[in-house]
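# Breakdown of the fold
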Amino acid sequence: MKRRVFSGARPTGRQHLGNFLGAIQNYVNLQDEYDCVYCIVDVHALTSLEDTGGLQKNINEMVLDWLAAGLDPRKSILFVQSHIPEVMELHTLLSMITPLGWLLRVPTFKEKARLQPENINYGLVGYPVLMTADIVLYKGEFIPVGEDQLPHIELAREIARRFNNLFGYTFPEPEAKLTLFPLILGLDGKEKMSKQVGNDIDISLSDKETTERVMTAVTDPARRYRNDPGHPEICNIYRLQQYFNPFGLDNIGEQCRTAKIGCVDCKMLLAQEINSTLKPFRERRAALAEKPGYLVDVLADGAQRARAIAKETLKEVKQKMGLL
Ligand code: AMP
Ligand code: TRP
């Protein structure tokens, strides 16, 4: 039997290069070797109430990106978290064995509390418990995520281990699977690329929009004039060239160091490479967007397949915890 991969992502709408390089690449690549389950975690999105009115639209935009990027619903289960309410039951049960101290120490909790000081809700503290429930409900063994999720996966391992110690072996301890690009910086060259910060480049932009976005990127700050030699090793644009333009990389690095190429030319090259790499993706996305009924069917079928697994696990957990 194939081993299980599970991952989830918040419905943030159109996906950006960080999601694409840090997570989606692995979602797609793991599909043949593993039994993959991918979830759009709409309940997690409610921990930071920004725009619940846009939630359904964001789910659709994200599924379009995932499918166009190569997620294949014939191979993988693709579903929306809230369609399987069992996860919320499991979340409550796991919350009983999770020490509060573990949760208050999680760096992403501290970061969220900083970003939304007016809304530090109970669900926000429990975010990693719900995430653990997602993973263990499907007995996920390998979890493709970006580097920012490592503290959450570590906690999921600890909760799974604690459950196993208390009630007998039930859950595999999940292991993160990173891509070669686990942390993509945003256009500011400082913070991780994210929607919330607004430093992102969406993969579904047009060629022109992509070029315009790339042009706003911060490069090597020491390179103030065109003739100043650059330091590609600290430049975010150069880092992105590693993925989009691997064969031109040595040449660009050399030309940057010797000031033969300027930052504008370098960005232009990158934008061209991004656009040509993403061309087939964008064409598939446009075709899929014409078939909204297909998306509904994919998610309904995914929910049905996910529910069968979820029911089994929840029954086992309840029996072990003495509830049945
Ligand atoms: P999010 O959109 O924050 O819910 O993230 C969805 C997935 O993309 C998670 O696995 C993240 O770790 C990954 N991800 C998000 N932003 C980045 C980034 N800037 N670099 C690498 N991976 C990322
Ligand atoms: N916390 C993840 C993020 O912000 C989303 C997520 C929820 C997740 N449940 C998961 C990721 C289970 C992997 C496995 O991107």
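Residues numbered from 1 in each chain as written. Chains lettered and ligands numbered in written order. Predicted model: local features only at pLDDT ≥ 70, side-chain atom pairs only at ≥ 80, totals over all residues. Heavy atoms only, no water.

## Quick notes on helix H3 (residues 55-69)
A rise of 1.5 Å per residue sets the reference length of H3, with its 15 residues, at 21 Å; its end C-alpha atoms lie 21 Å apart and thus fit the reference within 8%. Summarising burial for H3: 11 of the 15 residues are buried, a large majority. When we look at burial in H3, the residues that qualify are Leu-55, Ile-59, Glu-61, Met-62, Val-63, Leu-64, Asp-65, Trp-66, Leu-67, Ala-68 and Ala-69. Phi turns positive one or two residues past the end of H3, at Gly-70, with a value near 120°. (Helix = DSSP H or I, 4+ residues; strand = E, 2+ residues; numbered from the N terminus. Expected span 1.5 Å × (residues − 1). Buried < 20%, exposed > 50% of the residue type's maximum accessible area, 1.4 Å probe, protein only.)

## Details of unusual backbone geometry
The phi torsion at Lys-139 lies on the positive side, around 50°, for a residue other than glycine. Mapping Lys-139 onto the fold places it in the loop between helix H8 (127-137) and strand E4 (142-144). A positive phi is found at Ala-259, a non-glycine position, where the angle reads about 55°. Its place among the elements puts Ala-259 in the loop between helix H12 (249-257) and helix H13 (263-289). On the basis of relative accessibility, which here comes to 15%, the residue Ala-259 falls in the buried class.

## A few points about the domain arrangement of the chain
Domain boundaries in the chain define domain 1 (4-184 + 292-320) and domain 2 (207-286). Once you take the C-alpha centre of each, domain 1 and domain 2 turn out to be 33 Å apart. Listed per partner, the contact involves 12 residues of domain 1 and 10 residues of domain 2. Note on domain 1 versus domain 2: buried area summed over both sides is about 1,000 Å², and carbon and sulfur give 68% of it. The largest per-residue losses of area from domain 1 upon contact with domain 2 belong to Leu-17, Ala-68 and Phe-181, which jointly make up 46% of the total buried on that side. Linking domain 1 with domain 2 are 2 salt bridges, by the criterion used here. (Domains from an automatic or database assignment. Contact = heavy atoms within 4.5 Å. Buried area = accessible area lost by both parts, 1.4 Å probe. Salt bridge = Lys/Arg side-chain N within 4 Å of Asp/Glu carboxyl O.)

## Thoughts on the site of ligand 2
For ligand 2, the set of nearby residues contains 15 residues, the closest of which are Gly-8, Tyr-127, Met-131, Asp-134 and Gln-149. Measuring from a nitrogen atom of ligand 2, one finds a side-chain N or O atom of Tyr-127 at 2.8 Å. Within the side chain of Asp-134, a nitrogen or oxygen atom sits 2.8 Å from a nitrogen atom of ligand 2. Compared with its free state, where it exposes 370 Å², ligand 2 has 92% of that area covered by protein. When the residues that make up the shell around ligand 2 are grouped by side-chain class, the tally is 8 nonpolar, 5 polar and 2 charged. (Near = heavy atom within 4 Å. Polar contact = N/O pair within 3.5 Å; in protein donor to acceptor, adjacent residues only side chain to side chain. Areas by Shrake-Rupley, 256 points an atom, 1.4 Å probe, with all protein chains shown as cover. Nonpolar A, V, L, I, M, F, W, Y, C, P; charged D, E, K, R; others polar.)

## Points about the nonpolar core
Of all hydrophobic cores here, the largest spans 53 residues; its most connected members are Tyr-27, Tyr-38, Ile-40, Val-63, Trp-66 and Leu-78. For this core, the leading source of residues is H3, giving 8 residues. Residues lining this core come from more than one domain, with at least three contributed by each of domain 1 (4-184 + 292-320) and domain 2 (207-286). Residues Phe-6, Val-129, Ala-303 and Leu-314 belong to the second largest nonpolar core, which totals 43 residues. (Core = buried A, V, L, I, M, F, W, Y, C linked by side-chain atoms within 4.5 Å.)

## Quick look at the site of ligand 1
The environment of ligand 1 is formed by 17 residues, the closest being Arg-10, Gly-146, Asp-148, Ile-184 and Met-193. A distance of 3.1 Å separates an oxygen atom of ligand 1 from a polar atom in the side chain of Asn-19. Here an oxygen atom of ligand 1 and a backbone polar atom of Gly-146 are 2.8 Å apart. Out of a free accessible area of 480 Å², ligand 1 has 95% covered by protein chains. Ranked by residue count, the leading element in the shell around ligand 1 is helix H1 (residues 17-29), at 4 residues. Its residues assigned to classes, the shell around ligand 1 shows 7 nonpolar, 7 polar and 3 charged.

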